[in-house]
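Working through the structure, step by step
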Amino acid sequence: MSPVDVTVIDHPLAGVHLATLRSGQTSNAAFRQALHQLGALLVHEATRDLPTEPTEVVTPLGVAPGTRLTSPPVFVPVLRAGTGLLGPALDLVPEADVGFVGLARDEATFEPHPYLAKLPERLDGRRVIVLDPMLATGGTLAYTCRMLLARGAAEPIVAVCVVAAPEGLA
C-alpha cells in the first residue's frame, strides 16, 4: 500500500460541528445534523481532485460551458458509523455508486473479520472514498483498503474520517 497523506480540514465551521459532536449535551437530532454538515465539508475536500471533463449545457439563454465528472467515485461506508457520512456524500455526488463493508474485531486476536462486503466484484481503476468516522487503531481502515485494492480500486484510496487517533494514522 502507498504511504498515507493526511489532510486536516482547518475550517471554522468544521471546528464548530466537531465541538457539537463531542459535547455530552448534544441531542441525537443535533448530533445527526452536525455530522451531516461536517460530513459535507469533509467530502467536499475529499472530492477536490475528481477527474472532470468539459461539457456544454443548454440554458434559457443558449449554450454555456459546463463541467461533468468523467467517472463518479464509489463511496464505501464502514458499517455502521460510516453510514452517517453517506447522506452528505450522496448529496454532493448523487451519481456515485455505493458499497458497504462491515467488520467485527476478533476479541482474542484484535484482527478485523468481515461480516459484510457488498462491493462490486471488480472496481477496475475506479476512485473509492471510504467513509469511516473514527480512525482508532487503523486496523479496520487498512483491512478495508486492502480489500478494495484487491478488487482493482484506483490508488490512492481516500478515507474520510471525522476524528483520528495517532495510532490509527501511524
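As the structure is a computational prediction, the values presented were derived from the model and not from experiment. (Residues numbered from 1 in each chain as written. Predicted model: local features only at pLDDT ≥ 70, side-chain atom pairs only at ≥ 80, totals over all residues. Heavy atoms only, no water.)

What to know about helix α1 (residues 12-22)
Along an α-helix, a turn takes 3.6 residues, which lines up residues three or four apart on a common side. Residues of α1 that are buried: A14, H17, L18 and L21. Relative to the axis of α1, the buried residues are bounded by an arc of 100 degrees and lie together on one face. In this structure, the buried side of α1 is in contact with α2 (28-46) and β10 (163-164). (Buried < 20%, exposed > 50% of the residue type's maximum accessible area, 1.4 Å probe, protein only. Helix = DSSP H or I, 4+ residues; strand = E, 2+ residues; numbered from the N terminus. Arc of directions from axis to C-beta. Contact = heavy atoms within 4.5 Å.)

Description of unusual backbone geometry
With an omega dihedral of -5 degrees, the bond running from L79 to R80 counts as a cis peptide bond. The topology assignment puts R80 in the loop between β3 (74-79) and α3 (83-92). Of the consecutive residues E155 and P156, the connecting peptide bond is found in the cis state with omega at 0 degrees. With respect to the helices and strands, the residue P156 is situated in the loop between α4 (139-150) and β9 (158-160). Phi angles above zero are rare outside glycine, and F110 is one such case at about 65 degrees. Its place among the elements puts F110 in the loop between β5 (100-105) and β6 (112-118). A positive phi is found at D124, a non-glycine position, where the angle reads about 40 degrees.

Details of the pairing of strand β2 (residues 62-69)
Both strand β1 (residues 52-59) and β2 contribute to a ladder of eight bridges, which runs antiparallel. Looking across to β2, one finds that E53 is bridged to R68. Counting the residues in the hairpin turn of β1 and β2 gives two residues. (Pairing = 2+ DSSP bridges.)

Here we look at α4
If you check α4, its first and last C-alpha atoms are 17 Å apart, about what twelve residues at 1.5 Å a residue would give, namely 16 Å. What α4 keeps buried is the set L141, T144, C145, M147 and L148. Projected down its long axis, α4 carries its buried residues within an arc of 160 degrees, all on one side. Check the buried side of α4 and you find it contacts β3, β5, β6, β7 (128-131), β8 (134-135) and β9. Backbone geometry just after α4 places G152 at a positive phi near 95 degrees. (Expected span 1.5 Å × (residues − 1).)

Structural notes on the layout of surface pockets
Taken as a whole, the largest pocket spans an internal volume of roughly 1,400 Å³. Only α1, α2, α4, β9, β10 and α5 (166-169) provide two or more residues apiece to the lining of the largest pocket. If you go around the second largest pocket, you meet 20 residues; those closest to its centre are R105, A136, T137, G139 and T140. If you list the elements that add at least two residues to the lining of the second largest pocket, you get β3, β5, β8 and α4. Split by residue class, the lining of the second largest pocket holds eleven nonpolar, four polar and five charged. (1 Å grid on protein atoms, 1.4 Å probe; cavity = no way out; pocket = protein on both sides within 12 Å on 5 of 7 lines; lining within 4 Å. Points joined across faces, edges and corners; volume = space filled by probe spheres on them. Nonpolar A, V, L, I, M, F, W, Y, C, P; charged D, E, K, R; others polar.)

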